[in-house]
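# Close look at the chain arrangement
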Amino acid sequence: MTAAKTPPPPPGLLLPGTQVRLSLDISETADPDHFTFQARPAVSETERVWRINGDVVRAEHGLKVTRIEVDTGPDSTAEVTGTLMRQIPIGTILDYVRGRVSATLASDLTDAPAAALAVSAGRTAMTDGFLRDVALSYLRETAPGKPQGATRRLADAYGRPEQTIRTWIARARKEGWLGPSAKGRAGAEPGPRLRAEQ
């Protein structure tokens, strides 16, 4: 007896804690610190359609949403209300933009390591080259679509404890290879030193 195949999930970003998938398009602009996005439910009921357009810019403390336009469409029975506004996952969208920007930069830097570099036992020298590799590896492991547990995977790749990896990531952030992280969320933005290489 063969097991029935499970159909693949519909396309889009699954919103945390829901079964709703979001279709999200991110675009770069002429300004490398400015991005635009468009989002809508990937599969929606005809009566309840909403779309948003917005801008994300890089500020001193990282990426932030600076503009949102909500549109329910002329044929929709939905209207822009406080309830609808609370359903729009701004934090999730910002996290996804952050991850996409980081992944794009990490893949654009052609000499980036495909996996963590082998490090010798003992104390590791915190050179610029090493911190750059740690930053790129972390950006790749926290990119959209990657499962949770980035520090654990990096610990396995480097052959070091997770706390050591966290220390290296913090040092890479302090030295400008990684940008600020979102409080309570894994991931980071490329720091100014990585962006300067692009």
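Preceding this section is the structure that the text describes.
This text gives an overview of the structure that appears in the document. Source: prediction; values computed, not measured.

Another aspect to go through is the overall build of the chain. A count of helical and extended segments in the chain gives six helices and five strands. Along the chain, helices (α) and strands (β) appear in the sequence β-β-β-β-β-α-α-α-α-α-α when read from the amino end. The burial tally for the chain puts 38% of its 198 residues in the buried class. Long-range pairs, those at least 24 residues apart, make up 46% of the contacts in the chain between residues at least 6 apart in sequence. Surface accessibility of the chain: about 11,700 Å² in total, with carbon and sulfur atoms responsible for 51%.

Attention now goes to the environment of D128. Assignment of secondary structure puts D128 in helix α3 (residues 128–141). Of the residues examined, D128 reaches a relative accessible area of 39% and is grouped as partly exposed. For the pair formed by D128 and E175, sequence separation is 47 residues and the distance between their alpha carbons is 8.3 Å. Not counting residues within four places of it along the chain, the set of residues in contact with D128 comprises W177 and R193.

Let us look at the pattern of salt bridges. For the structure on display, the rule yields ten salt bridges. Here R58 ties to D33 by a salt bridge, and the two come within 2.6 Å at their closest N and O atoms. With R58 in strand β4 (residues 51–59) and D33 in the loop between β2 (21–28) and β3 (34–41), this residue pair connects regions lying 25 residues apart in the sequence. Note that D133 is salt-bridged to R132, the shortest N-O span being 3.9 Å. For D133, a relative accessible area of 11% puts it in the buried group. Exposure remark for R132: the relative accessible area of 9% places this residue in the buried category.

Glancing now at the packing of aromatic side chains. Under the criterion given, the structure shown has three aromatic pairs. Ring geometry for F130 versus Y158: centroids 6.0 Å apart, planes at 75°, classification edge-to-face. With F130 in helix α3 and Y158 in helix α4 (residues 150–158), the pair connects residues that are 28 residues apart, well separated along the chain. Note on F130: relative accessible area 8%, which makes it buried. Between Y158 and W168, the aromatic rings sit 5.2 Å apart at their centres with planes inclined by 80°, giving edge-to-face as the arrangement. Of this pair, Y158 sits in helix α4 while W168 sits in helix α5 (residues 162–174), and the two are ten residues apart along the sequence. Every member of this aromatic cluster is reached through a ring pair, and the members are F130, Y158 and W168.

This next bit is on α3. Residues three or four positions apart in an α-helix share a direction because the helix packs 3.6 residues into each turn. Over its 14 residues, α3 extends 20 Å from the first C-alpha to the last, a length consistent with the 20 Å expected when each residue adds 1.5 Å. Extensive coverage of α3 is indicated by the burial of eleven of its 14 residues. Along α3, the positions that sit buried rather than exposed are F130, L131, R132, D133, V134, A135, L136, S137, Y138, L139 and E141.

Turning our attention to the packing of α3 against α5. At their nearest, the axes of α3 and α5 sit 9 Å apart, and the two run at 110° to each other. Here α5 runs roughly perpendicular to α3, going by the angle between their axes. Contacts between α3 and α5 involve F130, L131, V134, A135 and Y138 from the former and W168, I169, R171, A172 and R173 from the latter. Partitioning the contact of α3 with α5 into residue classes produces eight nonpolar, no polar and two charged.

Looking at the secondary structure, you find R166 in helix α5. Each C-alpha atom, one on R166 and one on T151, is 7.0 Å from the other, the two residues being 15 residues apart in sequence.

This part covers the pairing of β4. Each regular strand carries side chains that alternate between the two faces of the sheet. Relative to β4, β3 runs antiparallel, the two being bridged by six bridges. Considered in β4, the bridge of F37 is made with G54. One ladder, built from nine bridges, connects β4 with strand β5 (residues 62–71); its direction is antiparallel. Paired with N53 across the strands is E69, a residue of β5. Hairpin connection, β4 to β5: the antiparallel pair is bridged by two residues.

Criteria and cut-off values
Residues numbered from 1 in each chain as written. Predicted model: local features only at pLDDT ≥ 70, side-chain atom pairs only at ≥ 80, totals over all residues. Heavy atoms only, no water. Helix = DSSP H or I, 4+ residues; strand = E, 2+ residues; numbered from the N terminus. Buried < 20%, exposed > 50% of the residue type's maximum accessible area, 1.4 Å probe, protein only. Contact = heavy atoms within 4.5 Å. Areas by Shrake-Rupley, 256 points an atom, 1.4 Å probe, with all protein chains shown as cover. Salt bridge = Lys/Arg side-chain N within 4 Å of Asp/Glu carboxyl O. Phe/Tyr/Trp six-rings, centres within 6.5 Å; stacked < 30°, edge-to-face > 60°. Expected span 1.5 Å × (residues − 1). Axes fitted to C-alpha atoms, helices over the stretch in contact; angles between N-to-C directions. Parallel < 35°, antiparallel > 145°, perpendicular 65-115°, else oblique. Nonpolar A, V, L, I, M, F, W, Y, C, P; charged D, E, K, R; others polar. Pairing = 2+ DSSP bridges.

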